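# Structural overview
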Amino acid sequence: MVNLPISYDELIQEANDLNLYGKLINQLNKDFGLANIQLEFDETVLPTSLKLILHETIYKLIQEKFMEYLNLLYIIDVPEKKVKQLDSHDMVELSEHITFLILQREWQKVWYRNNY
């Protein structure tokens with residue numbers, strides 16, 4: 001069982017330590033593609049840019065394309081329970097938390113595929 005990273009920096013550090021950062025990016029690209037969301041990262045994207053662009057994209061989806069946002073969460077398989085626990089009063093903060101939940105779930109998939 002993978003111990004999920006509790007912060008963005010920890011997740012990126014672990015992905016880099018295990019040489020899986022590129023696979024994490026590929027998994028994100030694949031799932032965003034499946035959700036028909038126009039977002040594709042280069043494998044060499046800097047972690048800071050990744051976080052910023054992903055956060056911005058999630059924020060816009062929540063604000064402007066809510067059904068696509070829900071579809072994305074479904075495709076990535078972000079636990080609904082975790083999403084419902086979040087405080088939804090501040091959209092910027094909410095989208096930041098959702099971004100991390102997405103990355104956590106994608107990391108879980110990559111980690112399992114690498115280890116099993």
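Refer to the structure above for everything that follows.
Residues numbered from 1 in each chain as written. Predicted model: local features only at pLDDT ≥ 70, side-chain atom pairs only at ≥ 80, totals over all residues. Heavy atoms only, no water.

## What to know about a nonpolar patch on the surface
Basically, it comes down to this: Distance thresholds for patches are 9 Å for like charges and 5 Å for nonpolar side chains (Val, Leu, Ile, Met, Phe, Trp, Tyr), applied to residues having over 30% relative accessible area and no salt bridge. A 1.4 Å probe and the Shrake-Rupley method give the accessible areas. Residues count as covered only by the protein chains that appear here. Within this document, salt bridges are pairs made up of a side-chain nitrogen of Lys or Arg and a carboxyl oxygen of Asp or Glu, the two lying within 4 Å of each other. Only DSSP runs of H or I covering at least 4 residues are called helices, and only runs of E covering at least 2 are called strands; the numbering of each starts at the N terminus.
A surface patch of nonpolar side chains, about 310 Å² in accessible area, is lined by Phe66, Met67 and Leu70. Relative to the assigned elements, Phe66 resides in helix 4 (residues 66–76).

## Focus on the pattern of salt bridges
Under the convention used in this document: Residue exposure (1.4 Å probe, protein chains only): buried if accessible area is under 20% of the type maximum, exposed if over 50%, otherwise partly exposed.
One pass over the full model with this rule turns up four salt bridges. Salt-bridge contacts for Lys109 lead to Asp31; the nearest nitrogen and oxygen are separated by 2.7 Å. Of this pair, Lys109 sits in helix 6 (residues 91–115) while Asp31 sits in helix 2 (residues 21–34); the two residues are 78 residues apart in sequence, bridging distant segments of the chain. Given a relative accessible area of 13%, Lys109 falls into the buried group. On the basis of relative accessible area, Asp31 is assigned to the buried category, the value being 2%. Among the salt bridges present, the one from Lys84 reaches Glu80, with a minimum N-O distance of 3.0 Å. Here Lys84 and its partner Glu80 are both found in helix 5 (residues 80–84), four residues apart, which amounts to about one turn of the helix. For the pair formed by Lys84 and Glu80, the shared burial category is exposed. In this structure, a network of salt bridges that share partners links the residues Asp31, Glu106 and Lys109.

## Description of the nonpolar core
The nonpolar side chains of a soluble globular protein tend to be buried, and buried together. Applied cut-off: Residues grouped as a nonpolar core are buried Ala, Val, Leu, Ile, Met, Phe, Trp, Tyr and Cys residues, joined through side-chain atoms within 4.5 Å. Contact between two residues is taken to exist if any of their heavy atoms lie within 4.5 Å; hydrogens are not considered.
Counting residues in hydrophobic clusters, the biggest one holds 35 residues, and the most contacted among them are Phe32, Leu50, Ile58, Leu72 and Ile102. Those elements that place two or more of their residues in this core are helix 1 (8–17), helix 2, helix 3 (47–64), helix 4 and helix 6. Looking at this core element by element, the count peaks at nine residues for helix 6. Each residue touching Ile102, except ones within four places of it in the same chain, is listed here: Leu28, Ile58, Leu72, Leu73, Ile76 and Val78.

## Some words on unusual backbone geometry
A positive phi angle, near 55°, is found at Asn19, a position not held by glycine. Relative to the assigned elements, Asn19 resides in the loop between helix 1 and helix 2. Judged by relative accessible area, which is 69%, Asn19 ranks as exposed. Backbone geometry places Asn36, a non-glycine residue, at a positive phi of 55°.

## Re a negative patch on the surface
Cut-off, in case you're wondering: A residue counts as positive if it is Lys or Arg and as negative if it is Asp or Glu; His and the chain ends are not included. By convention, the charge on Lys lies at NZ, on Arg at CZ, on Asp at CG and on Glu at CD.
A cluster of acidic residues, Asp87, Asp90, Glu93 and Glu96, forms a negative patch on the protein surface. Along the polypeptide, Asp90 turns up in the loop between helix 5 and helix 6.

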